[in-house]
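Read off the chains here:
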Protein chains: 2
Amino acid sequence: MDNNRYCVIMCGGVGSRFWPYSRANMPKQFIDFFGTGRSLLQMSVDRIKGIVPDENIIMMTNEQYAGIIAQQLPQLKPDQILLEPARRNTAPCIAWAAWHIKALNPQAQIMVAPSDHLILKTDEYRDCVNKAFEFIESNDSLLTMGIKPNRPETGYGYIQAGKNIHGDFNAVKTFTEKPNEDLARVFLKSGDFYWNSGMFFWSVDTIINAMRNNAPDIASIFDGGAQLMATDAERDFIEANYPLCRNISIDYAVMEKAPNVCVECVDFGWSDLGTWGSLYDHSEKNEQGNATQGGKALLFNSRDNIVAVKGDKLVVASGLNDYIVADTGDALLIVPKNEEQKIRNYVNEVKVQFGDKFI
Amino acid sequence: MDNNRYCVIMCGGVGSRFWPYSRANMPKQFIDFFGTGRSLLQMSVDRIKGIVPDENIIMMTNEQYAGIIAQQLPQLKPDQILLEPARRNTAPCIAWAAWHIKALNPQAQIMVAPSDHLILKTDEYRDCVNKAFEFIESNDSLLTMGIKPNRPETGYGYIQAGKNIHGDFNAVKTFTEKPNEDLARVFLKSGDFYWNSGMFFWSVDTIINAMRNNAPDIASIFDGGAQLMATDAERDFIEANYPLCRNISIDYAVMEKAPNVCVECVDFGWSDLGTWGSLYDHSEKNEQGNATQGGKALLFNSRDNIVAVKGDKLVVASGLNDYIVADTGDALLIVPKNEEQKIRNYVNEVKVQFGDKFI
C-alpha cells in the first residue's frame, strides 16, 4: 500500500431529503439503510481498505458528528477527524484538507469522496480508484470521476468528456449543472456525458495550485495558516479563519475554471442515494414493485411503494401507489415518490411549526 | 334511585375493525379514543350514574379483560364481572345475565348496553333511559332503542316502528338486516325506520319467558342451573354449560320472533363507533376536512383523512385523500376510508402471516 495515498471523506451533510430517517443529529451517512450492519459512512471506508492506509483517512465534518464518527470508525485517531466550525460548502472544506495534508506529507496523493453514496460493484470501484491514483501520480491533473448515465436524470450535474488521454481517462470539455429533461435525454444519447459524482483525485500540490489560481481568496486564508497546519495551533487558526471563507462548491470554485481537469469515465453501480426515490431504485422489490426496508409490510392493492420502518414494526396499507412511507417511531412520512424534492420544504415547515424536536 | 334497576354491559368484543388501535388484549371499548381521560367503557358507565346503582351494574366479558375492567372501574366488585368461558354471541350472554340477576333480585328491571358506543347528547340519553325503565316497569315488553337515522347507512340493521303506544314508544313491525343502499334510502325517506342500536330494556321475567318461548335450548341450559346462580357454584356450572349454548345473537334468537317487542324511537347523537369512518365522523376536522386524534400532523395537499397516532408523534403526509392513517408504535395502518370494512380481512391476513404478535 502506498503511504502517500490519502482519502478525504466529507461527512458533514445534514441529508434533510431523507427525513425522517435522516435527522440533524443523525444524518443519512451514519445510518445503516440496508440493514447490513454497516452505515453508508462505514461502507465508504470499508471500500478503500487496502488502497489507502487507515491512518491516511481524513474525515471532514462538524463538531456535532465527531462522537458518531469516532463510534462508527474506532480505527481512526482523533486527529484524523477535522471539525469545520461553520458550513462553507465543499471548496473551503477541500482546501483545509489539502493544506492540512500538505503539512503531514508534501508528496500526498489525495482522493476526495462523499460519505453517503452507494456503490454496488465494489471490485470495479476499487479497480477504478487504483487507476485514478496511478493517473494523478503521473499527471498534474484535477481528476473527477464521471459516472456513465443510465437514465436522463435531471437531478445531477453532467461532465462532457473531451479528448481521450488513455483508457477511461479523458480531458473535460464542459461541466453542465442539472439539465432539463430534454437536455438530459440529449446528454444520455450522445454518450459523451457523465454524471458528476463528487469524487475527486489530485496530488496535494495540484489542488493547492489550482486553489491559488482559481480561488485565491480561499487559498490565501490557508496559505496564511500553512505553518500551523497539523500542529496544536491548527484548531485556533481554523476557528478564527475558516468562517471567513466564501461559501462555494469545489465545482464552481475550481473544477469549472481550471485548465487541467480530467475525467475518469466509470460504471460501478453508483447512486448518490440523495433521495428516497434513489433508495427505492436500489432496493429489492416484490412482484408489485414494493420495496420494504426494515420491519414487515402487508400491502394490498398497492404498487411501487417504498416502505421504510425501524424495528419490528408492521405496516398494513391498501390503495397506495408510488408512495414513500417512512417511519422512525416518533415521526411518519407519507408522500408520493414524485414529491421527494419537496421533502425539504416539508421539513422546513415542521421546523417552523414544531421547532427542532423532529428535525 | 330504583334498586330494582340493573344494567348489563357487554364488553367482551375484540373490535378488530379498529385495528391497530384495538388489539386482542386491549379492544376499543377500553381505549380513550377522544383523549378525554375516559375510555368508551368508562363513559358507558358514567352515563348511567344515578339511574342504575353502581352495585347493580353487571359486566359481561371474558377472562382476558377482567383485569382491565377492574382497573378502569374500581367501583365494581369482582362478582359484578361475569366471565364468559367461550364466545357465544349476545343471546347466551344476555341469558346468563338474566338468570344471574333473577337470583339476585326477582323484581329486576334490566337495561342491556354495549360498551363501545358513542353518545353525544348525554342529557337526552339519560332522559330516554329513564323513560325506557318506566316503560318496562309497566309493560310486559321487550324494549329496544331505535335510533333516528340521519343517512342511508348500509352497515346497520333497521327496525320498522308500528302502532304507537305512547310518546316515543311503538310496537315493532319488522326487523331488517343490513339493507343495500337503495333500500336504505327508502328506509330513511319513509320515516318509519330506525337503526337497531343493540340497547335493550326488559324485566327479568319478561326476558326469561321470551327465552323459554323463542330459544328453549338456551333457556333450558340456564333453567338447569337456576339454583346455582349467584352462588359459589355458579362458576363451575358456567364453565361446564355455557360453551354448550348455541352461538346466536339476541336479535335472531328472540327479538325477531317474540310478539311483545317494542321500540323507543330516540335521537341522542349516537354512533356505534364501529369503524374508523365513524370515529372520523365524530371527530373535529380542520378546513381541509382532516381529523387528527393524538400526536401532530402536517398534511399537504390532503383532504378528508383521519390520522390517529399515539403519543407525541409527528405525521407528515402529502397527496392523501380520504384515508385512515392509524399508528400505534408497533403497527401502522394506511387504508382508504371506503375500505374500512376490509380491515378485518387485513387483520386476518396479518394473523396468517405473522401470528398473534400484532393482533
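Notes on the structure follow. (Residues numbered from 1 in each chain as written. Chains lettered and ligands numbered in written order. Predicted model: local features only at pLDDT ≥ 70, side-chain atom pairs only at ≥ 80, totals over all residues. Heavy atoms only, no water.)

1. A few points about the overall build of chain A
What chain A contains, in helices and strands, is eleven helices and 17 strands. For 359 residues, the compact-globule formula gives about 21 Å, and the C-alpha radius of gyration of chain A, at 21 Å, lands near that figure. Each principal axis of the C-alpha distribution contributes one length, and for chain A these read about 60 × 45 × 40 Å. Residues counted as buried form 57% of the 359 residues belonging to chain A. The contacts in chain A between residues at least 6 apart in sequence include a share of 66% that link residues at least 24 apart. Entry remark: accessible area of chain A is about 14600 Å², with carbon and sulfur atoms responsible for 46%. (Helix = DSSP H or I, 4+ residues; strand = E, 2+ residues; numbered from the N terminus. Rg over C-alpha atoms; globule rule 2.2 N^0.38 Å. Buried < 20%, exposed > 50% of the residue type's maximum accessible area, 1.4 Å probe, protein only. Contact = heavy atoms within 4.5 Å. Areas by Shrake-Rupley, 256 points an atom, 1.4 Å probe, with all protein chains shown as cover.)

2. Some details on the packing of aromatic side chains
For the structure on display, the rule yields 34 aromatic pairs over all chains. Grouping aromatic residues by their ring pairs yields a cluster made of Trp-96, Trp-99, Phe-222 and Tyr-242 of chain A. For Lys-310 of chain B, the ring lying beneath its charged end belongs to Tyr-21 of chain B, and the centroid distance is 5.0 Å. Geometry around Tyr-280 of chain B places Lys-337 of chain B over its ring, the cationic atom sitting 3.9 Å from the centre. (Phe/Tyr/Trp six-rings, centres within 6.5 Å; stacked < 30°, edge-to-face > 60°. Lys NZ or Arg CZ within 6 Å of the ring centre and 35° of its normal.)

3. Details of the pairing of strand S1 (residues 5-10) of chain A
Regular strands place side chains that alternate from one sheet face to the opposite one. Residue and element names in this part refer to chain A. The buried fraction of S1 is high, at six of six residues. The alternating pattern of S1 places Arg-5, Cys-7 and Ile-9 on one face and Tyr-6, Val-8 and Met-10 on the opposite face, and all of these are buried. The pairing of S1 with strand S4 (residues 109-114) spans six bridges and is parallel. Looking at the pairing, Tyr-6 lines up with Ile-110 of S4. Alignment of S1 against strand S2 (residues 57-62), held across four bridges, turns out to be parallel. In the sheet register, Met-10 faces S2, and the bridge partner there is Met-60. What joins S1 to S2 is helix H1 (residues 40-47), and the crossover it makes is right-handed. (Pairing = 2+ DSSP bridges. Right-handed = clockwise from strand over helix to strand, strands pointing away.)

4. Some remarks on the environment of Trp-270 of chain B
Residue and element names in this part refer to chain B. Along the chain, the position of Trp-270 falls in strand S11 (residues 270-271). Here Trp-270 falls in the buried class, since its relative accessible area comes to 6%. Spatially, the C-alpha atom of Trp-270 lies 30 Å from that of Leu-298, the residues being 28 residues apart in sequence. If we ignore the near neighbours within four places in the chain, the residues touching Trp-270 are His-117, Leu-118, Ile-119, Ile-147, Tyr-156, Trp-195, Ser-197, Met-199 and His-282. One polar contact links Trp-270 to His-117, side chain to side chain, over a distance of 3.1 Å. (Polar contact = N/O pair within 3.5 Å; in protein donor to acceptor, adjacent residues only side chain to side chain.)

5. Structural notes on the relation of the copies chain B and chain A
Superposing chain B onto chain A requires a rotation of 179° together with a translation of 0.1 Å along the rotation axis, leaving an RMSD of 0.1 Å. Seen this way, the second copy is the image of the first under a two-fold rotation axis. Relative to the rotation axis, the C-alpha of Gly-329 of chain B is the closest in chain B, positioned 3.0 Å from it. When you check the interface residues of chain B against chain A, 100% turn up at the interface there too, and the contact is symmetric in its surfaces. (Least-squares fit on C-alpha atoms with pLDDT ≥ 70 in both.)

6. A look at the packing of helix H3 (residues 90-104) of chain B against helix H7 (residues 216-224) of chain B
Working note: a packed helix pair is described by the angle between its axes plus the distance between those axes. Residues and elements named next belong to chain B. It is the contact of H3 with H7, at a shortest axis distance of 10 Å, that shows an interaxial angle of 35°. Judged by the sense of rotation from one axis to the other, the crossing of H3 with H7 is right-handed. Packed against H3, whose contacting residues are Ala-91, Pro-92, Ala-95, Trp-96 and Trp-99, the element H7 presents Ile-218, Ala-219, Phe-222 and Asp-223 at the interface. Considered class by class, the residues forming the contact of H3 with H7 number eight nonpolar, no polar and one charged. (Axes fitted to C-alpha atoms, helices over the stretch in contact; angles between N-to-C directions. Left-handed = near helix turned anticlockwise from the far one by under 90°. Nonpolar A, V, L, I, M, F, W, Y, C, P; charged D, E, K, R; others polar.)

7. What about the environment of Thr-328 of chain A?
All names here are of chain A. In this structure, Thr-328 sits in the loop between strand S16 (323-327) and strand S17 (331-336). Using a relative accessible area of 17% as the deciding quantity, one classes Thr-328 as buried. Taking C-alpha positions, Thr-328 is 17 Å from Ser-39, a pair spaced 289 residues apart along the chain. If we skip the residues at most four places from it in the chain, Thr-328 touches Pro-20, Tyr-21, Arg-23 and Lys-310. A distance of 3.0 Å separates the side chain of Thr-328 from the side chain of Arg-23, its partner in a polar contact.

Everything listed here is a matter of geometry and, on its own, says nothing about what the molecule does.
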